[in-house]
Amino acid sequence: MNGSLGYGLVLGGLAFATFGALVGLVTGLRRSEAGFPWVMRAVWGFAGCMIAANLVMVYALVSHDFSVKYVAQVGSRDTPLLYTVVSLWSALEGSILFWGFIMGAYVAAFAWLHRREHARYMSLALGTMLAVGVFFTFLIAGPANPWGAVSPVPPDGPGPNPLLQNHILMVIHPPFLYLGYVGMTVPFGVAVAGLLRGEIGEAWMAPLRRWTLVAWLFLSIGIILGAWWAYAVLGWGGYWAWDPVENASFLPWLTATAFMHSTMVQERKRMLKLWTLSLALASFVLTILGTFMTRSGIFNSVHSFTQSDIGPTFLVFLGVLLVLCIGLLAVRGPLLVPEGRMSSLVSREASILVNNLVFVAITFTVLLGTLYPLVSEAVRGVRVSVGEPYFNKMAVPGGIAVLFLMGVGPVLPWGTPDKATLRRQFIIPAVVGLIVTAVCFAVGLRGVYPLLTFGLAGFVTVITVRELVAPVRVRMSERKEGLFTALVTSATKAQRRFGGYVVHLGIVLIIVAVAASSAYVKHTSGTLKKGQTMQLDGYQLKYLGLMSGEEPHRTFVAARVEVTTPGGKVTEMKPRLNYYERSTDPIGTPAVRETAGEDFYVSLMAFSEQAGNASFNVWVFPLVGWIWWSIPLLVLGTLIAIWPRRKAAVALSSAEVGASLAGGDAERGAA
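Predicted, not measured: the structure shown is a model, and the values here were computed from it. (Residues numbered from 1 in each chain as written. Predicted model: local features only at pLDDT ≥ 70, side-chain atom pairs only at ≥ 80, totals over all residues. Heavy atoms only, no water.)

**Some remarks on the sheet that holds strand β8 (residues 591–594)**
Piece 1. Strand order in the open sheet formed by four strands is β1-β10-β9-β8, and the pairing between neighbours is antiparallel. Because the sheet does not close on itself, it has two edges, and the strands there are β1 (522–529) and β8. The average angle at which neighbouring strand axes cross in this sheet is 15°, direction not considered.
Piece 2. Bridge analysis of strand β9 (residues 598–608) against strand β10 (residues 613–622) gives 10 bridges, and the strand direction is antiparallel. Opposite Ser603, over in β10, you have Asn617 as the bridge partner. (Pairing = 2+ DSSP bridges. Helix = DSSP H or I, 4+ residues; strand = E, 2+ residues; numbered from the N terminus. Axes fitted to C-alpha atoms, helices over the stretch in contact; angles between N-to-C directions.)

Put into structure tokens, the structure is as follows:
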């Protein structure tokens, strides 16, 4: 019953998506508004079917309906309720179904919020999004069908992937990542609509910018939570290894970040129109590439799914996307002529352009290193390995360049600068940066890249805080407002600028944490008998013995260790190994003592009850927690930037959009 109902809902979603895509694209290209109400109905039908299909699958999982193929694959009567629900995305077929749920919600939200805008524009944008929905519902109905019947019905199942059950972060990390990935569909639809119309005025840019920022935020949180999960679960003493699937999430983040900076130049100087749309299209194409890399099984990764039959289907869709995007940019791109020009190489628009080029260079470097082993194996029959040294050598200088530009950009004016004023603006931040570098060197820190990073972080922080505080100080002095009132008013008057600087502070926090935890990490390992100790960077670890236990879905063995900090504080930690029925190998849970300055990290590698010993890996990571603590700043800054401006912040009126479209039509006529 559940299988038939769920499959029927997926087929309904496929029918609605196909109908809406055809009607939206055809009527939009014909500049007719007659089909728009039907497109909206198709959106509601598609969203309703995909959401309902996911609810049916959740019910099947919770009720242990092992007659459904996916439930028999990942379900278990012993799995706790929370992990039973989230096993929806624990395997390939369920993750694609969940993808459809998020896509339906996104398309419905976009349609509802922009329903009063120009119908032809909305028809093209929604038609494009529903065309993407056709592909994913086809996957769910065909190659990735989770609804197949199982006979005979098994009495129980193996349960979800043990890695999904080992830490609470796996409950929230995948949904955030999917929200970022799927969210790129909305700006893709808007960008394709803009290219099909042959113009990109503010009518296009406002929703394009806002929805990209939403997807970027979710993707950022998903990447950070994934790094935190790797750090807290895998026990290898790290959070980022340039794994192909990690890289797959990083690539669209890079191009989306470049896009958001490029929109400022397009908005202020009427330049980089084609470049801006190219970045929007690239972000979506890279999410599809990342999805293919994760779900095709072509990469061996702890993050990826097993071998599947959907790889060829994804490759075909990826090829169609590339042809579509390149064709649109080639045919319609010449209509997007720039209306302004760059007046000076020492200007804000020039710094943003350089910023974009650096982001694209990092993207290309990471993409090349990720795909090269596959290309080499396909062409030469030899599987080569591209490891962390390559990525660090190529990406670290680019990251430092981005950090430098984060400080330079806000100081530079739009257009031609006044050199004397510019010099005065840079003096204090530059001095602070030099002082930070000198202090770090004086306390014994070494290494060109880390010291340069810390110095630039001081430089950028001073500039960013000054840009945040300056409007507040002006309002307090000129209008005699209190601090809180001035702060709220300043943030409201210039939301995007204010929110952007808050996000910059979060990014600085991440870069400093990555530099410190990578360059100055301390490590030791060893095997201890009961009562023996080991030393690391002023910490003393004493092995007290083993303990074991049983939970509904697993058993575990933990090592009790007594840790004495450099300051003399004594605490007990219990790194453990978890054993799952489905897994032949144990999955570790390291014990971490977290402080603002550093983490003391202990991982249990092996033990012998007969010999009475246990083997440990121990690390000290400076400032690593700052990576996860940056999330509130990223969320706060993004919410400030996208928050509606009172009642006037509703989307553009039909008259405004019509005027913009009329301008685009006139421009095409002149062309």
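So that's the structure; there's more coming.
**Things to note about the packing of helix α12 (residues 273–295) against helix α14 (residues 348–380)**
Piece 1. Look at α12 against α14: their axes get within 13 Å of each other, and the N-to-C directions meet at 25°. Relative to α14, the element α12 is oriented roughly parallel. When you trace α12 past α14, the crossing you get is left-handed. Where α12 approaches α14, its residues Trp275, Leu279, Leu286, Leu289 and Met293 are matched on the opposing element by Asn356, Val360, Thr363, Leu367, Thr370 and Leu371.
Piece 2. Taken together, the residues that form the contact of α12 with α14 break down as eight nonpolar, three polar and no charged. (Parallel < 35°, antiparallel > 145°, perpendicular 65-115°, else oblique. Left-handed = near helix turned anticlockwise from the far one by under 90°. Contact = heavy atoms within 4.5 Å. Nonpolar A, V, L, I, M, F, W, Y, C, P; charged D, E, K, R; others polar.)

**Focus: the packing of aromatic side chains**
Piece 1. One pass over the full model with this rule turns up 35 aromatic pairs.
Piece 2. When the centroid spacing of 4.7 Å and the interplanar angle of 40° are considered together, the rings of Trp89 and Phe98 count as tilted. Comparing Trp89 with Phe98, the two get one shared label, buried.
Piece 3. Aromatic pair Trp242 and Phe391: ring centres 5.0 Å apart, planes at 10°, arrangement stacked. Within this pair, whereas Trp242 is found in the loop between α10 (202–233) and α11 (244–269), its partner Phe391 is found in helix α15 (residues 388–411), the two being separated by 149 residues in sequence.
Piece 4. Taken together through their ring pairs, the aromatic side chains of Trp89, Phe98, Trp99, Phe101, Phe135, Phe136, Tyr178, Tyr181, Phe314 and Phe317 make up a single cluster.
Piece 5. Note that Arg115 overlies the ring of Trp112, its terminal NZ or CZ placed 3.6 Å from the centroid.
Piece 6. Over the aromatic face of Phe441 sits the side chain of Arg446, whose NZ or CZ is 3.7 Å from the ring centroid. (Phe/Tyr/Trp six-rings, centres within 6.5 Å; stacked < 30°, edge-to-face > 60°. Buried < 20%, exposed > 50% of the residue type's maximum accessible area, 1.4 Å probe, protein only. Lys NZ or Arg CZ within 6 Å of the ring centre and 35° of its normal.)

**Section: the confidence of the model for the protein chain**
Piece 1. Here the protein chain averages 86 in pLDDT, while 90% of its residues score no lower than 70.
Piece 2. For the stretch residues 302–306, pLDDT sits under 50, and the model shows 24 contacts to residues farther than four places along the chain or on other chains.
Piece 3. Considering only residues more than four positions removed or in separate chains, one finds that residues 647–671, a stretch of pLDDT under 50, has 37 contacts. (pLDDT = per-residue confidence, 0-100.)

**Some words on the side chain of Ser262**
Piece 1. Considering the arrangement of structural elements, one finds Ser262 in helix α11.
Piece 2. Its relative accessible area of 0% is what places Ser262 among the buried residues.
Piece 3. Polar side-chain contacts of Ser262 include one of 2.7 Å to the side chain of Thr276.
Piece 4. Setting aside residues up to four positions removed in sequence, Ser262 forms contacts with Leu272, Trp275, Thr276, Leu279, Ile352 and Asn356. (Polar contact = N/O pair within 3.5 Å; in protein donor to acceptor, adjacent residues only side chain to side chain.)

**A look at unusual backbone geometry**
Piece 1. Residue Pro152 follows Ser151 across a cis peptide bond; omega there is -5°.
Piece 2. Turning to its location among the elements, Pro152 is positioned in the loop between α6 (119–141) and α7 (162–165).
Piece 3. Residues other than glycine seldom take positive phi values, yet Trp242 does so here, at roughly 55°.
Piece 4. What makes Trp242 buried here is its relative accessible area of 12%.
Piece 5. Even without a glycine there, the phi angle at Asp537 is positive, about 50°.
Piece 6. Mapped onto the elements, Asp537 comes out in the loop between β2 (533–536) and β3 (539–551).
Piece 7. For Asp537, a relative accessible area of 41% puts it in the partly exposed group.

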